[in-house]
Structures are given as structure tokens and as C-alpha cells.
Amino acid sequence: HKTLEIIDSDKDGKIRVGEIVSAADYLTSAIKNADLLHEEKDTIALSDFNVENPAGKRLYDSAKRVLSNLGLEKDSISLSDTADSVAIFAGTKYNGDGVITAASTDDEALAKVIGDMVSTVGGVADRSGAEGVDEPHIEAFYAACADYSAWIAAGEAEGVHPFGED
């Protein structure tokens, strides 16, 4: 089902000849030996990627990254290696999900700000499962900071404290 969704490039619910040809062109350009497509295997050797082709190089680099993130030192990658995106991204700082966690930075002050954001306006889990903030949470946090600052400033206005500090 997932493969058919990818092949259906215009997302019209139909797979047309042009989409099959495009998928075949992509696959055969990304690997060195097109006969691999006829084998019923769930693994591919890293050396089988055509790194001279941009698509093959991108797939090779992605496979190396996945294996590295999983702590595996292998010369091939399998479907099972790619199945658990949480495990793949668990130890990465930048996983592309748009969520910033305290682990995303080595700056202690910035990590504290991220923690303060999570504790005050809430957070969202990133791919690694860690709690962090995304754009709406960051905007809400800084809007709350601006509101708080305006409230403090209003409290210092003339006549607000008719009895002075007491």
C-alpha cells in the first residue's frame, strides 16, 4: 500500500503508465544493477547503490545515516532497519520534525529556555520521543513574555501604587 502511494505521484488514486516508468527510471538509476529489483530480498548492500547518480548517492547517504543512528556497523541495510523511525532518530539532535528539544543544543542557557517553554506553555514530543517545542509553542511563549513585560510595566506607572511601596 505504501509503495503504491509513493508511485501515485499526482495522488489521484490511480497509477498510470507514466508513473510506473518514472518509478522504474528512479530505481534503476539509484542502483548499480537493475536485476536486484527482481530478487525477493529485504536487504540491499550499500555497495549496490549508484553513488555516481544523485538519487543513488542520496539513498546511500540515508542508509549510512540510518545505520549510524542505530549504532549498527553493517555493509547492508534492511527493511527492518528502517522500520522504527523513533529508534532511528532517538539519538539525533536534528531530526527534521520541526520540534526543538533541550538536547538540540549544547548551550546550557538555551536548553534552559527550551525547558522553560515546555514547562510554561506546554510541549510536543519529537521523533526521538523527547519533549520539546515547535513554532506555535515558541510563539505562544514569547507572546506570554511580552504580555508579562507589559503587565509589569503597567504596574510601575504613575498612580498605580498610591501608598508607595507599601
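Not measured: the values here are computed from a predicted model.

1. A short note on helix α3 (residues 54–69)
So, step 1. With 16 residues, α3 ought to run about 22 Å at 1.5 Å a step, and its terminal C-alpha atoms sit 22 Å apart, in line with that.
So, step 2. Of the residues making up α3, those classed as buried are Ala 55, Gly 56, Ala 63, Val 66 and Leu 67. Projected down its long axis, α3 carries its buried residues within an arc of 100°, all on one side. Summarising the geometry of α3, the exposed residues directed more than 90 degrees from the buried face are Pro 54, Arg 65 and Ser 68.
So, step 3. Buried residues along α3 sit against α2 (17–30), β2 (76–78), α4 (79–82) and α5 (85–89).
So, step 4. Backbone geometry just downstream of α3 places Gly 71 in the positive-phi region, at approximately 75°.

2. Comments concerning a nonpolar patch on the surface
So, step 1. Together, Leu 4, Ile 15 and Ile 20 give the surface a local cluster of nonpolar side chains, amounting to about 260 Å² of exposed area.
So, step 2. Structurally, the position occupied by Leu 4 is in helix α1 (residues 2–7).

3. Concerning the sheet that holds strand β4 (residues 124–125)
So, step 1. Taken together, 3 strands build an open sheet; the order of strands is β3-β5-β4 and the sheet is antiparallel. On the outer flanks of this sheet lie β3 (100–101) and β4, each paired with one strand and no other.
So, step 2. Of the strand pairs in this sheet, β3 and strand β5 (residues 131–133) are connected by 2 bridges, and their pairing is antiparallel. Within the sheet, the bridge partner assigned to Thr 101 lies in β5 and is Gly 132.
So, step 3. Of the strands in this sheet, β3 and β5 are in contact with helix α6 (residues 108–121), which crosses β5 at around 95°.

Conventions and cut-offs
- Residues numbered from 1 in each chain as written.
- Predicted model: local features only at pLDDT ≥ 70, side-chain atom pairs only at ≥ 80, totals over all residues.
- Heavy atoms only, no water.
- Helix = DSSP H or I, 4+ residues; strand = E, 2+ residues; numbered from the N terminus.
- Expected span 1.5 Å × (residues − 1).
- Buried < 20%, exposed > 50% of the residue type's maximum accessible area, 1.4 Å probe, protein only.
- Arc of directions from axis to C-beta.
- Contact = heavy atoms within 4.5 Å.
- Patch = residues over 30% accessible without salt bridge, like charges linked within 9 Å, V, L, I, M, F, W, Y side chains within 5 Å.
- Areas by Shrake-Rupley, 256 points an atom, 1.4 Å probe, with all protein chains shown as cover.
- Salt bridge = Lys/Arg side-chain N within 4 Å of Asp/Glu carboxyl O.
- Pairing = 2+ DSSP bridges.
- Axes fitted to C-alpha atoms, helices over the stretch in contact; angles between N-to-C directions.

Such coordinate-based values are descriptive only and should not be taken to indicate function.
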